[in-house]
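Residue-level structure breakdown
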Amino acid sequence: MRKISSARSEPLHSVAATRELERHAAAELPPHTLMQRAGLSVARLALALAPHAQRIWIACGPGNNGGDGFEAAMHLHRWGKTVVLTWTGPSAGKTSLPPDAHASRERAVAAGVPMAEQPPGDFDFCIDALLGIGGALNPDHPGTALMLAWLAHMQASGMPRLAVDMPTGLNADTGSATNLIAARAHSTRSTTTFTLSLLTLKTGLFTASGKDWAGQVWFDDLGIREGQPSAPSRTDAWLLGADQALQSPRSANAHASHKGSFGDVAVLGGESTAQSHMAGAALLAARAALHAGAGRVLVALLGNPAITVDPQQPELMFRAPEALDLAQQVVVCGCGGGDAVKAVLATVLSTARRLVLDADALNAIAGDTQFQTQLAARQGRGYSTVLTPHPLEAARLAGTTAAAVQSDRPASARQLAERFQCVVVLKGSGTVIAAPGRSSAINSTGNALLATAGTGDVLAGMVGARLAEGLNAFEAACHAVFAHGRLADDWAAGDTGRILTASTLALAQATTAASAPDAAKPESSARFEPGQ
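A brief look at the structure comes next. (Residues numbered from 1 in each chain as written. Predicted model: local features only at pLDDT ≥ 70, side-chain atom pairs only at ≥ 80, totals over all residues. Heavy atoms only, no water.)

1. Things to note about the side chain of Gln-313
To be explicit about the condition: Runs of E in the DSSP output that reach at least two residues are strands. Runs of H or I that reach at least four are helices, and both are numbered from the N terminus. Here a polar contact means two N or O atoms within 3.5 Å. Within protein one must be a hydrogen donor candidate and the other an acceptor candidate, and residues neighboring in sequence count only if both atoms are side-chain atoms. Note on contacts: a residue pair is in contact if any heavy atoms of the two residues lie within 4.5 Å.
Locating Gln-313 in the fold gives a position in the loop between β12 (296-303) and β13 (317-318). A polar atom in the side chain of Gln-313 sits 2.6 Å from the side chain of Glu-315. When residues no more than four places from it in sequence are discounted, the contact partners of Gln-313 are Arg-287, Leu-290, His-291 and Leu-507.

In structure tokens form, the structure reads like this:
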């Protein structure tokens, strides 16, 4: 058993892949073995997380997740804890449990674990063993009202909570939260939450609502090692850790290198009109590219710009859009581009060999089928393209709604990547990096400090810098997204109490680029490759 962190990349699995592995393992082991291992693991983690807790409430559901809870209850009771166990079975219309869960319930009863119809009035630790990956909360299903009441009681108590395999109501594949429980999240007292993922790590724990609902994630493979001859393996995605966020090539270069060794980044955007001035977005992207390691950064503002120098960053070189060498430079297009970006986008799409498209460039493409055709054709010409949409921009590109995108972020990113034959960075909680023909990555870093204006422009500039230094499009996106989120994590860990602004984020890239993610690389970490 181990705690999941951003230090290493981890394989993520769907419910279907998990059930396949579970069936295969159960066929090779004595009956009831997996559940016994799972329950013992839950009990051990509960003891480690709350060693001084004396009164523990375990809420068990009508299936095998409840069986894990029964098994854990037996161990905690034997270890001297006061355990109160509630079961939804009768209220869910269940007169019997699945065989393994029934065996675990009998073991708990035989050990003297007290059963109750209602939660205890007081407790200092609670365990959610209601559904796991066993299903969604359905308002018409017997027992749902009772589960909701118990979940609300856990949340309102303010006591630490451990979820077995998955928090009840959280979709294990997508990270979307059931509407029945999502509305309760902000109206009740916050709790310290933990999740013990069993057998496999589930994708939904790390994107969309997953991070909020799961809290600190732990993992136990129950002795079934992925990759063993007897264990089928189907990795659906990867949790991106420091071992895969590649170190900047700059640190390995010879002393005889010069600014041309690290490539040119050209930022095209920042429209200025009589009504609005968006130069700041382009400058944020340019500053981020410079501090992330690009050798030279050029800025081409659109419209009627009045800026010819950035006093805070005089290293930036200003050019007219027509003066850019689009074929030789990494182009970051769209940051604050407004409507003016439409006039240059056809040339950019057909000429720029390495391209990052953000913000208004994405909106222009979403509204023009000719731009869409040009974008999809770039892959066939050997060009590299990275799109960096937030959910609403992704929805425009896909012709759907932001809610639909958020309901299955991994699938939405994959669909856009396949449609436009490029790398897609779907920003948000658990940013998804997708590319055609390979497993997606879900970023393990970042927090709500990034939810402020301009941080997306900073990310676009960082991706541009990684491309300029020689990484391929997928690697560049992974490196930049990880570093972007890690800065926010470092800022939060500093406990300064100050807001992390986009300009601060851009300047801080100098420190991040100099650090070496390889320092945290474990020997046993797996490498994800195209086609996995």
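The discussion continues.
2. Notes on helix α2 (residues 33-49)
We apply this condition: In this analysis, the expected span of each helix is defined as 1.5 Å times one less than the number of residues it contains. Classification of residues uses two cut-offs on accessible area relative to the type maximum, computed with a 1.4 Å probe and protein chains only: under 20% is buried, over 50% is exposed, and between them is partly exposed.
The terminal C-alpha atoms of α2, which comprises 17 residues, lie 24 Å apart, in line with the 24 Å expected from a rise of 1.5 Å per residue. Among the residues of α2, those classed as buried are Thr-33, Leu-34, Met-35, Ala-38, Gly-39, Ser-41, Val-42, Ala-43, Leu-45 and Ala-46.

3. As for the pattern of salt bridges
Stated formally: Whenever Lys or Arg places a side-chain nitrogen within 4 Å of a carboxyl oxygen from Asp or Glu, that contact is recorded as a salt bridge.
Here the structure, examined in full by the defined rule, presents 11 salt bridges. Linking Lys-202 and Asp-165 is a salt bridge whose minimum nitrogen-to-oxygen distance equals 2.6 Å. Note that Lys-202 is positioned in the loop between β8 (193-198) and α7 (210-214) and Asp-165 in the loop between β7 (161-164) and α6 (179-182), a separation of 37 residues in sequence. Assessed through its relative accessible area of 0%, Lys-202 is described here as buried.

4. A closer look at unusual backbone geometry
A positive phi angle, near 75°, is found at His-32, a position not held by glycine. Mapped onto the secondary structure, His-32 falls in the loop between α1 (15-28) and α2. Taking relative accessible area as the criterion, His-32 reaches 10% and is therefore assigned buried. The phi angle at Asp-165 is positive, at roughly 75°, despite the residue not being glycine.

5. Describing the sheet that holds β12
Our working definition: Strand pairing is defined by DSSP finding a minimum of two bridges between the two strands.
Read across the open sheet, the 11 strands follow the order β2-β10-β19-β18-β17-β16-β15-β14-β11-β12-β13; overall the sheet is mixed. Edge positions in the sheet fall to β2 (10-12) and β13, since each of these pairs with one other strand and no more. Bridge count for strand β16 (residues 384-387) against strand β17 (residues 423-426) is two bridges, and the pairing is parallel. Across the sheet, Leu-387 pairs through a bridge with Val-424, a residue of β17.

6. As for the packing of aromatic side chains
So the rule is basically this: Aromatic pairs are defined between Phe, Tyr and Trp rings, using the six-membered ring for Trp, whenever the two ring centres lie within 6.5 Å; interplanar angles under 30 degrees are classed as stacked, those over 60 as edge-to-face, and all others as tilted.
Across all of its chains, the model carries three aromatic pairs by this definition. Centre to centre, the rings of Trp-57 and Trp-150 are 6.3 Å apart; their planes meet at 80°, and the pair counts as edge-to-face. Pair noted here: Trp-57 is in strand β3 (residues 55-60) and Trp-150 is in helix α5 (residues 144-157), with a separation of 93 residues, a long-range link. The burial state of Trp-57 is the same as that of Trp-150; both residues are buried. When the centroid spacing of 6.2 Å and the interplanar angle of 70° are considered together, the rings of Phe-70 and Trp-87 count as edge-to-face.

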